[in-house]
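# Survey of secondary and tertiary structure
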Amino acid sequence: MMGRRLLIAGNWKMNLDLYESYQLAKAVAEGVESFKNIDVLISPAFISLGVVGQKFKDSNLLIAAQNCHYEDSGAYTGEISLDMIRSTGVDWVIIGHSERRAIFGETDEIVAKKVKHALSNGFHVIGCVGESLEQRENGEQEKVVKTQVEAFLQNLSENELKNLVIAYEPVWAIGTGKVASPEQAEEMHKQIRNIVNGNAGEEAGESILILYGGSVSLTNAEELLGQQDIDGALIGGASLKQESFNGIAAIAEDISKE
Ligand code: 13P
């Protein structure tokens, strides 16, 4: 953490209908209302973004879309533009999640294009990186993550970089209950910070938030969030229940008060 403000982010993925999303957003907003030392973000599906974005825009919840397109508008059936997202009151977007990469064919090039497009349009971006199990077993994790991070960083101005958050999510830890050890996560986070240092200068490296994602739960959150270079969490499964998500946020709030 080291002077950086922790961010606890929930990625709801393709879960919860409109009504359920509203109910959970309400429960989360009420639960974290009194938290002063951390930021809390939820990311509902597009279909719920309008209602959740509008209803909670004056709460202290941050709200993100789970994806966006890299063009402003046009013949892209089924896609969602930044202006559409912004019209719901939302100015955060998650880009390059490993599920987008693995299932929907988003390459480093596409991800970098989206990151640049969103940042240059004044959005805050959570850019995701992470190696697969096979890549880790082959000892390629550092190389893979370096390539992914460097793809984001190309062509970003100093101001754009200020709105970038990086999420390290090892694919083998997502939805598997197999969490990276605090040491494994910290090692990769340090590497990512060094890459940002090297590419954009020490100030950018020291201030950028790097979140960990992959089976974060009430049981492991404290140890992970206690690592020097872990500045928050991007949470899937445990973000779908207010008890676990607000509980993790409460742990982060306590750590930040210390
Ligand atoms: P889980 O917390 O379910 O492992 O998902 C992590 C994730 O992919 C968040 O983006």
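Check the entry above for the structure.
Thresholds, definitions, all that
- What you see as residue numbers is a count from 1 along each chain, following the sequence as written.
- The predicted origin of the model limits local features to residues at a pLDDT of at least 70 and limits the giving and counting of side-chain atom pairs to 80 or more, whereas totals for whole chains, interfaces and linings rest on all residues.
- As a rule here, side-chain values come from all non-hydrogen atoms in the structure, and water together with hydrogens is ignored.
- Note on geometry: axes are C-alpha line fits, over the in-contact stretch for helices, and angles between N-to-C directions span 0 to 180 degrees.
- Numbering of helices and strands starts at the N terminus; helices are DSSP runs of H or I of at least 4 residues and strands are runs of E of at least 2.
- Reported orientations rely on four angle classes, namely roughly parallel under 35 degrees, roughly antiparallel over 145, roughly perpendicular from 65 to 115, and oblique for the rest.
- For any helix crossing, the convention is left-handed if the near helix is rotated counterclockwise from the far helix by under a right angle, and right-handed if that rotation is clockwise.
- What makes two residues a contact is simply this: any of their non-hydrogen atoms within 4.5 Å.
- Residues are sorted three ways: Asp, Glu, Lys and Arg are charged, Ala, Val, Leu, Ile, Met, Phe, Trp, Tyr, Cys and Pro are nonpolar, and all the rest, Gly among them, are polar.
- Note on definitions. A residue lies near a molecule or strand when any single heavy atom of the residue is within 4 Å of it.
- For this analysis, a polar contact is any N or O atom pair within 3.5 Å, provided that within protein one partner can donate a hydrogen and the other can accept it, and provided that sequence-adjacent residues contribute only side-chain to side-chain pairs.
- Each residue is assigned to one of three classes by its accessible area relative to the maximum for its type, calculated with a 1.4 Å probe on protein chains only: buried under 20%, partly exposed between the two thresholds, exposed over 50%.
- A pair of strands counts as paired when DSSP detects no fewer than two bridges linking them.
- Patches in this entry comprise residues that are over 30% relatively accessible and not in a salt bridge; like charges within 9 Å are linked, as are nonpolar side chains (Val, Leu, Ile, Met, Phe, Trp, Tyr) within 5 Å.
- To be clear on the numbers: accessible area is Shrake-Rupley with a 1.4 Å probe, and residue cover counts the displayed protein chains and nothing else.
- By definition, a salt bridge exists where a carboxyl oxygen of Asp or Glu is found within 4 Å of a side-chain nitrogen of Lys or Arg.
- Asp and Glu count as negative and Lys and Arg as positive, but His and the ends of the chain are not part of the count.
- For the purpose of locating charges, the reference atoms are NZ of Lys, CZ of Arg, CG of Asp and CD of Glu.
- Each Phe, Tyr or Trp ring, with Trp reduced to its six-membered ring, pairs with another whose centre is within 6.5 Å; inter-plane angles below 30 degrees give stacked pairs, above 60 give edge-to-face pairs, and intermediate values give tilted ones.
- In this scheme, the term charge over a ring applies when either NZ of a lysine or CZ of an arginine sits within 6 Å of the ring centre and within 35 degrees of the ring normal.
- Any helix carries an expected span of 1.5 Å times its number of residues minus one.

## Quick look at the packing of helix α7 (residues 141-153) against helix α9 (residues 182-200)
Remark: α7 packs on α9, axes separated minimally by 10 Å, with the N-to-C direction vectors making an angle of 40°. Between α7 and α9, the interaxial angle falls into the category oblique. For α7 against α9, the interelement crossing comes out right-handed. Note on element contacts: α9 touches α7 through Glu 187, Met 188, Gln 191, Ile 192, Ile 195, Val 196 and Asn 199, opposite Gln 141, Glu 142, Val 145, Lys 146, Val 149, Glu 150 and Leu 153. A breakdown of the residues in the contact of α7 with α9 according to their chemical character gives seven nonpolar, three polar and four charged.

## Considering the site of the ligand
Lining the immediate environment of the ligand, one finds 13 residues, of which Lys 13, His 97, Gly 175, Ser 215 and Gly 237 sit closest. In the model, an oxygen atom of the ligand is placed 2.7 Å from a nitrogen or oxygen of the Ser 215 main chain.

## Examining the environment of Ile 210
Along the chain, the position of Ile 210 falls in strand β7 (residues 209-213). Using a relative accessible area of 0% as the deciding quantity, one classes Ile 210 as buried. Other than its neighbours up to four places away in sequence, Ile 210 contacts Ile 166, His 189, Ile 192, Arg 193, Asp 229, Ile 230, Asp 231 and Gly 232.

## Focus on the sheet that holds strand β5 (residues 124-129)
In spatial order, the strands read β1-β2-β3-β4-β5-β6-β7-β8; together these eight strands close into a barrel with parallel pairing. Neighbour to neighbour, the strand axes of the sheet diverge by 25° on average, direction disregarded. For β7 and strand β8 (residues 232-235), the ladder comprises two bridges, and the chain directions are parallel. Residue Gly 213 lies in a different strand from β8, and its bridge partner there is Leu 234. Taken strand by strand, helix α5 (residues 108-120) contacts β4 (92-95), β5 and β6 (164-168), and its axis lies near 170° from that of β4.

## Quick look at a negative patch on the surface
Negative charge collects at one region of the surface, where Glu 183, Glu 222, Glu 223 and Glu 258 lie side by side. Position of Glu 258 relative to the elements: it lies in the segment after α12 (242-257). Judged by its relative accessible area of 79%, Glu 258 falls in the exposed class.

## A closer look at the packing of helix α1 (residues 18-32) against α12
Relative orientation of the contacting elements α1 and α12 amounts to 30°, with a least axis distance of 10 Å. Our classification of the angle between α1 and α12 gives roughly parallel. Judged by the twist between their axes, the crossing of α1 over α12 is right-handed. For the pair α1 and α12, contact is made by Leu 24, Ala 27, Val 28, Gly 31 and Val 32 and by Gln 242, Phe 245, Asn 246 and Ala 249, respectively. Its residues assigned to classes, the contact of α1 with α12 shows six nonpolar, three polar and no charged.

## As for the packing of aromatic side chains
The tally for this structure, following the rule as stated, stands at two aromatic pairs. Across the ring face of Tyr 70, the terminal group of Lys 113 is positioned such that the distance to the ring centre comes to 4.2 Å.

## Focus: α5
When the terminal C-alpha atoms of α5 are compared, their 18 Å separation across 13 residues agrees well with the 18 Å that a helix rising 1.5 Å per residue should span. Trailing α5 by a residue or two, Gly 122 shows a phi angle of about 85°, which is positive.

## Some points on the side chain of His 69
Within the secondary structure, His 69 sits in the loop between β3 (61-65) and α3 (82-86). Residues contacting His 69, with those up to four places away along its chain left out, are Tyr 76, Glu 79, Ile 80, Lys 114 and His 117.

## As for the pattern of salt bridges
This model, assessed by the stated rule, comprises 17 salt bridges. Put simply, Glu 150 and Lys 146 hold a salt bridge, and the shortest N to O gap is 3.3 Å. On the criterion of helical spacing, the pair formed by Glu 150 and Lys 146 is a turn pair, its members being four residues apart in helix α7. Look at Glu 150 and you get partly exposed, because its relative accessible area is 28%. Given a relative accessible area of 38%, Lys 146 falls into the partly exposed group. By sharing partners, the salt bridges in this structure join Arg 4, Glu 186, Lys 190, Arg 193, Glu 206, Asp 229 and Asp 231 into a single network.

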